[in-house]
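# Examining the three-dimensional arrangement
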2 protein chains.
Amino acid sequence: MASKRLVVDVHTHLYLPRYASLLRQRTALPKIITRTGIDGQNEERLVILKDEPSGGRPIGRSYVERDEKLKFMKKHGIDISIVSTANPWLDFLHPKEAHELALQLNDDLEEYCATGPSVSGTSMRQLYGFGLLPIVPKISIESLLEAVRQIFASPHLRGIIMGTRGIGKGLDDQMLDPVWSAISEAGLTVFLHPHYGIPKEAWGEKNNGHVLPLALGFPMETTIATTRLILSGVFDRFPSLRLFLAHSGGALPQLSSRLASCIDHDPVVASRLKHDARFYLGKLYLDAVCYGPEELGFVSDVLARASRYDTGSKDVVSGGRSMGSERLLFGTDHPFFPPLSTSEKWKSVVENLDAIDNVQGWTEADKDGVKGGNAISLFNL
Amino acid sequence: MASKRLVVDVHTHLYLPRYASLLRQRTALPKIITRTGIDGQNEERLVILKDEPSGGRPIGRSYVERDEKLKFMKKHGIDISIVSTANPWLDFLHPKEAHELALQLNDDLEEYCATGPSVSGTSMRQLYGFGLLPIVPKISIESLLEAVRQIFASPHLRGIIMGTRGIGKGLDDQMLDPVWSAISEAGLTVFLHPHYGIPKEAWGEKNNGHVLPLALGFPMETTIATTRLILSGVFDRFPSLRLFLAHSGGALPQLSSRLASCIDHDPVVASRLKHDARFYLGKLYLDAVCYGPEELGFVSDVLARASRYDTGSKDVVSGGRSMGSERLLFGTDHPFFPPLSTSEKWKSVVENLDAIDNVQGWTEADKDGVKGGNAISLFNL
């Protein structure tokens, strides 16, 4: 069972060359600018949002070049990466442009993966991908379905990365039901990833760099989008939908019993859903990108306890922490969070691997599953 | 040690009669309105924010009358309550009004507690309180310090309830340093409580009642305010400051390792603080109002692990889950979250007590501590 020991990175980003070129040509945000860095050399910076702290993020070859991704993987002992375009995806484009570019980028990504190396001694490749939908305001649902079909037909694309805005009204928009239906039937996994955070008034006037929007805003955005999905009944209507959340589900696990209580106490929603809110958390997949063993053990508990809240079953015994581990998958968030000083391995990666190794109550098999085996099963590698 | 078995509710609100009268007289928000309820009877509703869902919250005698508080306590086996004015406190008043009303309400609350019943067989009273500061824009720091001195001199007031806006720029405003200093020296505990949530655009267009702002917005507000306090260095400058967070710290425990990682990777803040972000969580006190045993066990772990991140110490061994329990304190959030149907006991209260009883790894002594003993120590009852 050699495959059990493989390390699979499910949260790892890129900008395909076609996409990076587009960002370089743009005059409006988002765009890639070139400026003189502190070492006197030219450096590219990606500016995504208005008033971005620190003049945007440094963006180097590791964002675009496949060889850099493979080098990073080798250095950190990662056998397989399931790569995805980083935010802001296609959110800023008109529907026609978004439609065309989505199809082109999905083809580009399929080729990026298909022409990459294999995992030696196996039939697996080292690179797989999440495709893109042109999910922007005023897009036709048929256009979204066309991209779902394209991704399904692309042998190395195993899911779809998606932001939280939908076609302008969020993911709890009933207009999207045909999309959830098609994705479910195709057996594709939706990787829900934040981009906008929450309105920046929340962060105050002090200069804290990117810390507040990244550390808090990102996971809060994911938490809100997922909660709205739960409240909209999407998981009751599409029980086989596979939703995979970035950053270990953000704050949703810690707020889930409060959520259940607030639903129970509000006449507007108390009778709407088939199950207690905590049941739906057990249907989620979460990456293991939370940087601490206590956090990871906790989300494992929350996934495992979900069966206690299945309204349709009697005498359900909650699974232990091991059971929850089956829905957790290692990730790095590469090429974001590069080390501030040169180092052999990236601290952000080492911390996420250490977190897995140090979860109390997980067996070695559980840890191997989180590092790779669960991804191999979920994405049918 | 009879006192060890007492149940103390540290998160329980009221509107003092003077405050309720003011809200009834107001024409602008926040205000209490009277309308005809579904049973044809007049009912009062508190409307705090613009576009409040469901026309505001029902507000009955339990918000104002001391006998109702004592009846609630008796029904649920609560021996002592440390009551606090519910949001929106004095946020909507001009400085002069806020100053005068704060001092009056602190006197009212002292009398409310002092003239209440005792806990039989002890020297303790059944009611203690958190006072108010007139912490509004343009208030003088001296006015805030005067209220701190008044609260310190009031025998039954043992802390201060506070929102997150400070004097207009949040709690990370360096102008507040003399206030933190005075509070620390007085040994008073600050009960940090949310009110504004996050901007409502986040919630989308669907009618989900109060669920999203209450279940997510409230804890997110607390999380952001506390993180901003940590980043501002308040805990480095005032290491003995006692900060007590509503709703078990919101999402901060689950996001704390991510926060530490984001700080580590951002040149703007990487060298600012004396310790890893997770160290400061160990200085917090949290209520046990999170409705689930897994959540409660997890926050206990996060409090216990904080000593691992003490930069100044060598070979620090992280405490176990029991150690974290010492900084957790039972609360009910009464009179919010009343049951939708008549019932003997309030589900919201029963769930929080059950959560304590079902935390894995806590001893009976730990559970008794969370239910009451920790509050008796912290507030020196």
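Per an unreviewed UniProt entry, the recorded name for chain A is Amidohydrolase 2, and the organism is Lentinula aciculospora. You can read under Sequence similarities (unreviewed entry) in the UniProt record for chain A the words "Belongs to the metallo-dependent hydrolases superfamily."

## Focus on the overall build of chain A
Looking only at helices and strands, chain A has 13 helices and 11 strands in total. Counting only residues that meet the buried cut, chain A has 64% of its 381 residues in that class. Pairs at least 24 residues apart make up 73% of the contacts formed inside chain A by residues separated by at least 6 positions. Per element, the accessible surface of chain A, about 14400 Å² overall, is 51% carbon and sulfur. Each charge sign in chain A was given a centre, from 42 positive and 45 negative side chains, and these centres are 1 Å apart.

## Some remarks on the sheet that holds strand S5 (residues 80-85) of chain A
Residue and element names in this part refer to chain A. Across the sheet, which stays open at both edges, the eight strands sit in the order S1-S5-S6-S7-S8-S9-S10-S11 with parallel pairing between neighbours. With one partner strand each, in any of the chains shown, strand S1 (8-14) and strand S11 (328-329) form the two edges of the open sheet. Bridge analysis of strand S6 (residues 127-132) against strand S7 (residues 157-162) gives four bridges, and the strand direction is parallel. Looking across to S7, one finds that Phe 130 is bridged to Gly 159.

## A look at helix H13 (residues 364-378) of chain A
Residue and element names in this part refer to chain A. Helix length check: H13 (15 residues) gives 19 Å between terminal C-alpha atoms against 21 Å at 1.5 Å per residue, within 8%. Val 370 marks the point of greatest bend in H13, at about 65°. Among the 15 residues of H13, 11 are classified as buried, and the element is accordingly described as predominantly covered.

## Focus on the pairing of strand S10 (residues 284-287) of chain A
All names here are of chain A. With burial as the criterion, each face of S10 is covered, one bearing Leu 284 and Leu 286 and the other bearing Tyr 285 and Asp 287. Where strand S9 (residues 242-245) meets S10, three bridges bridge the pair, whose relative direction is parallel. What sits directly across from Leu 243, in S10, is Leu 284. Sheet topology note: the S10/S11 ladder contains two bridges and is parallel. Paired with Leu 286 across the two strands is Leu 328, which belongs to S11.

## Section: the side chain of Thr222(B)
Residue and element names in this part refer to chain B. Along the chain, Thr 222 turns up in helix H6 (residues 211-232). With relative accessibility at 0%, the residue Thr 222 sits in the buried group. Those residues within four positions of Thr 222 in sequence are excluded, and the remaining contacts are Leu 192, Pro 194, Leu 245 and Ala 246.

## Here we look at the packing of H6(B) against helix H8 (residues 252-264) of chain B
Residues and elements named next belong to chain B. Here H6 crosses H8 at 35°, and the two axes come no closer than 12 Å. In the packing of H6 onto H8, the handedness of the crossing is right-handed. Within the contact between the two elements, H6 uses Thr 223, Thr 226, Thr 227, Ile 230 and Leu 231 and H8 uses Leu 252, Leu 259 and Ile 263. When the residues that make up the contact of H6 with H8 are grouped by side-chain class, the tally is five nonpolar, three polar and no charged.

## A few points about the packing of aromatic side chains
Residue and element names in this part refer to chain A. Here the structure, examined in full by the defined rule, presents 27 aromatic pairs over all chains. Summarising the aromatic geometry, the rings of Phe 130 and Phe 191 are spaced 5.1 Å apart at their centres and angled 45° between planes, so their arrangement reads as tilted. On the criterion of sequence distance, the pair formed by Phe 130 in strand S6 and Phe 191 in strand S8 (residues 189-192) is long-range, its members being 61 residues apart. In terms of burial, Phe 130 and Phe 191 fall into one category: buried. Ring centres 4.8 Å apart and planes at 35° place the aromatic pair Phe 191 and Phe 244 in the tilted group. With Phe 191 in strand S8 and Phe 244 in strand S9, this pair connects stretches of sequence that are 53 residues apart.

## As for the nonpolar core
Formed by 267 residues in total, the largest nonpolar core has its most connected members in Leu133(A), Trp180(A), Ile183(A), Leu133(B), Trp180(B) and Ile183(B). Not counting residues up to four positions away in its chain, the partners in contact with Ile183(B) are Leu133(B), Val148(B), Ile160(B), Met162(B), Leu188(B), Val190(B) and Leu241(B).

## Details of the interface of chain B and chain A
Where interface size is given, it is often the accessible area lost as the parts come together that is meant. Listed by partner, the interface residues are 74 residues for chain B and 73 residues for chain A. Here chain B meets chain A over a buried area of about 6000 Å², counting both sides, of which 60% is carbon and sulfur. Sorting the residues of chain B by area buried against chain A places Gln254(B), Arg258(B) and His265(B) first, and these three jointly supply 14% of that buried surface. The interface formed by chain B and chain A includes 10 salt bridges. For the salt bridge of Glu294(B) with Arg308(A), the shortest nitrogen-to-oxygen distance reads 3.0 Å. Joining chain B to chain A, the criterion identifies 29 residue pairs in polar contact (both at pLDDT 80 or more). If you list the elements that add at least two residues to the side of chain B that touches chain A, you get H6, H8, helix H10 (293-305) and helix H12 (347-357) of chain B. Counting residues per element, the side of chain B that touches chain A draws most heavily on H6(B), which supplies 14 residues. Among the residues making up the side of chain B that touches chain A, the classes are represented as 34 nonpolar, 20 polar and 20 charged.

## Description of the sheet that holds strand S3 (residues 42-47) of chain B
Residues and elements named next belong to chain B. With antiparallel pairing, three strands are arranged side by side in an open sheet as S2-S3-S4. Of all the strands in the sheet, the pair left with one neighbour each is strand S2 (31-36) and strand S4 (57-58). Where S3 lies against S4, two bridges are found, and the strand directions are antiparallel. Of the residues in S4, the one forming a bridge with Leu 46 is Arg 57. Contacts between helix H1 (residues 17-25) and the sheet are confined to S2 and S3, with S2 contributing the most and set at about 70° to the helix.

## Brief notes about the relation of the copies chain B and chain A
By a simple turn and slide, chain B fits onto chain A: the slide is 0.0 Å along the axis, the RMSD is 0.0 Å, and the turn is 180°. With respect to symmetry, the two chain copies, as superposed, fit the operation of a two-fold axis. Looking at the rotation axis and the C-alpha trace of chain B, the residue lying nearest is Ala251(B), at 2.7 Å. Interface residue correspondence from chain B to chain A reaches 99%, placing this contact among same-surface, isologous pairings.

Cut-offs applied
- Residues numbered from 1 in each chain as written.
- Chains lettered and ligands numbered in written order.
- Predicted model: local features only at pLDDT ≥ 70, side-chain atom pairs only at ≥ 80, totals over all residues.
- Heavy atoms only, no water.
- UniProt positions renumbered as here; feature names shortened; annotations may be inferred.
- Helix = DSSP H or I, 4+ residues; strand = E, 2+ residues; numbered from the N terminus.
- Buried < 20%, exposed > 50% of the residue type's maximum accessible area, 1.4 Å probe, protein only.
- Contact = heavy atoms within 4.5 Å.
- Areas by Shrake-Rupley, 256 points an atom, 1.4 Å probe, with all protein chains shown as cover.
- Lys, Arg positive; Asp, Glu negative; His and termini not counted.
- Charge placed at Lys NZ, Arg CZ, Asp CG, Glu CD.
- Pairing = 2+ DSSP bridges.
- Expected span 1.5 Å × (residues − 1).
- Bend = angle between axes of the 7 residues up to and from the residue.
- Axes fitted to C-alpha atoms, helices over the stretch in contact; angles between N-to-C directions.
- Left-handed = near helix turned anticlockwise from the far one by under 90°.
- Nonpolar A, V, L, I, M, F, W, Y, C, P; charged D, E, K, R; others polar.
- Phe/Tyr/Trp six-rings, centres within 6.5 Å; stacked < 30°, edge-to-face > 60°.
- Core = buried A, V, L, I, M, F, W, Y, C linked by side-chain atoms within 4.5 Å.
- Buried area = accessible area lost by both parts, 1.4 Å probe.
- Salt bridge = Lys/Arg side-chain N within 4 Å of Asp/Glu carboxyl O.
- Polar contact = N/O pair within 3.5 Å; in protein donor to acceptor, adjacent residues only side chain to side chain.
- Least-squares fit on C-alpha atoms with pLDDT ≥ 70 in both.

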